[in-house]
Amino acid sequence: MSDQSALQTAKVLWHLQRIKRLVRDRLGRGSAQLVSVRGTVCLDPGCPGPVTEIRVVNLALMQTRFVIHKPADQVSAADVSTLL
């Protein structure tokens, strides 16, 4: 892996962790839930490009999935607050 590739991977991982932290903060610190965030490609032909998918699984194993139509590096706290 080249230095440039490693740097790009680190940036992506940093933003994914940042979004997880925003989701956890919004859900509340006492909330025991699994939060998963990933960047993916939107399969809808009308979709403008990459999206960020957020999945939240609670202790009853009920899953909630959210999609923000922005790449992870453009997702803001306001975007997360709007969803939750």
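Predicted, not measured: the structure shown is a model, and the values here were computed from it. What you see as residue numbers is a count from 1 along each chain, following the sequence as written. The predicted origin of the model limits local features to residues at a pLDDT of at least 70 and limits the giving and counting of side-chain atom pairs to 80 or more, whereas totals for whole chains, interfaces and linings rest on all residues. Remark: hydrogens and water are excluded; side-chain values derive from all non-hydrogen atoms of the structure.

### A few points about the nonpolar core
Of all hydrophobic cores here, the largest spans 12 residues; its members are Leu 16, Ile 19, Val 23, Val 35, Val 37, Ile 54, Val 56, Phe 66, Ile 68, Ala 72, Val 75 and Val 80. For this core, the element with the most residues is helix α1 (residues 3–27), which contributes three residues. Put simply, a nonpolar core is a bunch of buried Ala, Val, Leu, Ile, Met, Phe, Trp, Tyr and Cys residues held in one set by side-chain atoms that sit within 4.5 Å of each other. Residue exposure (1.4 Å probe, protein chains only): buried if accessible area is under 20% of the type maximum, exposed if over 50%, otherwise partly exposed. The way it works is that DSSP assigns letters per residue, a run of H or I at least four long becomes a helix, a run of E at least two long becomes a strand, and they are numbered from the N terminus.

### Regarding the environment of Pro 71
Take Pro 71: it is sitting in the loop between β3 (63–68) and α2 (77–83). Pro 71 gets classed as partly exposed once you look at its relative accessible area, which sits at 26%. In the structure, Pro 71 is positioned 32 residues away from Gly 39 in sequence and 6.6 Å away in space, judged by C-alpha atoms. When residues no more than four places from it in sequence are discounted, the contact partners of Pro 71 are Pro 50 and Thr 52. Throughout, a residue-residue contact means that at least one pair of heavy atoms, one from each residue, lies within 4.5 Å.

### Re the sheet that holds β3
Strands are treated as partners if at least two bridges between them are detected by DSSP. Taking strand neighbours across the sheet as the criterion, the three strands line up as β1-β2-β3 in an open arrangement whose pairing is antiparallel. Strands with a single pairing partner mark the edges of an open sheet, and in this sheet they are β1 (34–41) and β3. Sheet twist, expressed as the average angle between the axes of neighbouring strands with direction ignored, equals 20°. Here the axes come from fitting lines to C-alpha atoms, over the contacting stretch only for helices, and the angles between their N-to-C directions go from 0 to 180 degrees.

### Comments concerning the pairing of strand β2 (residues 50–57)
Buried residues dominate β2, accounting for six of its eight residues. Note: β1 against β2, eight bridges, orientation antiparallel. Bridging from a neighbouring strand, Arg 38 pairs with Glu 53 of β2. Alignment of β2 against β3, held across six bridges, turns out to be antiparallel. By the bridge assignment, Arg 55 is partnered in β3 with Arg 65. Counted between consecutive antiparallel strands, the loop separating β2 from β3 contains five residues, among which Leu 61 sits at a positive phi close to 65°.

### A few points about the pattern of salt bridges
What makes a salt bridge here is a side-chain nitrogen of Lys or Arg within 4 Å of a carboxyl oxygen of Asp or Glu, nothing more. For the coordinates displayed, the defined rule picks out four salt bridges. A salt bridge links Glu 53 to Arg 55; its shortest N-O distance comes to 3.0 Å. Classification of Arg 55 as partly exposed rests on a relative accessible area of 28%. With a shortest N-O distance of 2.9 Å, Lys 70 and Asp 79 are connected by a salt bridge.

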